[in-house]
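Examination of the molecular architecture
Letter by letter, the chains look like this.
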Amino acid sequence: MKILVIKLGALGDFVLAMAAMKKIREAHPNDQITLLTTPPFRELAEASGWFDAVDTDGRPDNLIAEAAMLLRLRRAHYGRIYDLQTSSRSSAYFQFLRPNPPPWSGIARGCSLPHANPARDSMHTLERQADQLKYAGIWPDAPTEPGTAPPPDLSFLAAGRPPAQLPYVMLIPGGSPHRLDKRWPAGRFAQLALELRGRGLEVYVIGGPGEAPIAEEIARVAGEIRDLTGKTSFADIAALAAGAECVIGNDTGPLHLAAAAGAPTLALFSDASDPALCAPRGKVRVLHSPDLADLPLSAVVEAADAIAA
């Protein structure tokens, strides 16, 4: 049977969904599974080994491309589709497959395997997707109580990486440019880096190309750091995180990636997002402040010491 899994992004959501993706593969060991996603996630998906094919055209940017993608879905004649995106976009894909859509797990109106739990929107992503697969009939004993669903395990991305010569801590001080309220101030990260370097630790700073100014500010205060902004793939981030003494960062995709790679992780949350619904899990400690500008350096140092102990 041909199976389709839909997960388009974003990074943190994609990483959390990898727990459900693994379960889908376990439930369909001999079936041909395709992932419909977007280009940034090809490397992660292919490295997992859970998919026979990865289609990165899941979010077309024009009507012609969208029509071609929808026709491709129709002609593939999938025997079952697991919609882990559960958005208006992905639900619209289901409607296009009428009048004879395949069995569909998701929230699309009229689908045959609906996740009909009225509490789904108040569940953490991991429990929500486990519950979705329970409703779909492939995870009868799914852990759905708060805090019980296992985190994704991306430790395979670090396989074969040689150990670093010096112990290091990874900082993830950036995040979405449209969500500045999810960031601990760069100046505090700089003071944290200075504290860490004083303890004999190297400091790696991870982020996108647009976050290079943050790394520069940290370097001005802390001195020599490893500025890797704009220089790492998702697999690189996971591999580096797996070797770190600790990873400290804002609620952003690379932090989820680091936690899933097995790193001791300190996640900084403001009221801009609810850790009860989306915090990473594993060797993770969440430090929450309604406004991260009010979170003192001492609290972060104390929490980092606890998570790395």
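Residues numbered from 1 in each chain as written. Predicted model: local features only at pLDDT ≥ 70, side-chain atom pairs only at ≥ 80, totals over all residues. Heavy atoms only, no water.

**Quick word on the layout of surface pockets**
What the largest pocket holds in volume is close to 740 Å³. What lines the largest pocket is a set of 34 residues, and nearest its centre among them are Leu11, Gly12, Thr252, Gly253 and Pro254. At the level of secondary structure, the elements contributing two or more residues to the lining of the largest pocket comprise helix H1 (11-27), helix H5 (125-135), helix H8 (234-242), helix H9 (253-260) and helix H10 (275-278). Element by element, the count of residues in the lining of the largest pocket is highest for H1, at 4 residues. Residue classes in the lining of the largest pocket are distributed as 14 nonpolar, 12 polar and 8 charged. (1 Å grid on protein atoms, 1.4 Å probe; cavity = no way out; pocket = protein on both sides within 12 Å on 5 of 7 lines; lining within 4 Å. Points joined across faces, edges and corners; volume = space filled by probe spheres on them. Helix = DSSP H or I, 4+ residues; strand = E, 2+ residues; numbered from the N terminus. Nonpolar A, V, L, I, M, F, W, Y, C, P; charged D, E, K, R; others polar.)

**Considerations on the packing of helix H6 (residues 186-198) against helix H7 (residues 212-222)**
Taken N-terminus to C-terminus, the directions of H6 and H7 make an angle of 45°; their axes are 8 Å apart at the nearest point. In terms of axis orientation, H6 runs oblique to H7. Relative to H7, H6 is oriented so that their crossing is right-handed. In this structure, H6 contributes Ala186, Gly187, Phe189, Ala190, Gln191, Ala193, Leu194 and Arg197 to the contact, and H7 contributes Ile214, Glu217, Ile218, Val221 and Ala222. Residue composition of the contact of H6 with H7, by class: 9 nonpolar, 2 polar and 2 charged. (Axes fitted to C-alpha atoms, helices over the stretch in contact; angles between N-to-C directions. Parallel < 35°, antiparallel > 145°, perpendicular 65-115°, else oblique. Left-handed = near helix turned anticlockwise from the far one by under 90°. Contact = heavy atoms within 4.5 Å.)

**Some details on the pattern of salt bridges**
Tallied over the full model, the rule gives 12 salt bridges. Where Lys23 meets Glu26, a salt bridge forms, and the shortest distance between an N and an O atom there is 3.8 Å. Taken together, the residues span about one helical turn, with Lys23 and Glu26 both in helix H1 at a distance of 3 residues. Residue classification places Glu26 among the partly exposed positions, given a relative accessible area of 46%. Bridged by salt links that share partners, the residues Asp55, Asp57 and Arg72 form one connected network. (Salt bridge = Lys/Arg side-chain N within 4 Å of Asp/Glu carboxyl O. Buried < 20%, exposed > 50% of the residue type's maximum accessible area, 1.4 Å probe, protein only.)

**Thoughts on H5**
Since there are 3.6 residues in each turn of an α-helix, residues three or four apart along the chain are aligned in direction. Among the 11 residues of H5, 9 are classified as buried, and the element is accordingly described as predominantly covered. Those residues of H5 that fall on the buried side of the exposure criterion are Thr125, Leu126, Glu127, Arg128, Gln129, Ala130, Asp131, Gln132 and Leu133. Residue Gly137 follows H5 closely and has a positive phi angle near 90°.

**A short note on the sheet that holds strand S8 (residues 202-205)**
Read from one edge to the other, the open sheet built from 6 strands follows the order S9-S8-S7-S10-S11-S12, with strand pairing classed as parallel. Looking at the sheet topology across the chains shown, the edges are occupied by strand S9 (226-227) and strand S12 (284-288). Across the face of the sheet, H8 comes into contact with strand S7 (168-172), S8 and strand S10 (246-250) while running at roughly 140° to S7. (Pairing = 2+ DSSP bridges.)

**Structural notes on the pairing of S8**
Where S7 meets S8, 4 bridges bridge the pair, whose relative direction is parallel. Along S8, the bridge assignment pairs Val169 with Val203. Bridging between S8 and S9 involves 2 bridges; their strand directions are parallel. Looking at the pairing, Val205 lines up with Asp227 of S9. Of the crossover connections in this fold, the one passing from S8 over H7 to the parallel S9 is right-handed. (Right-handed = clockwise from strand over helix to strand, strands pointing away.)

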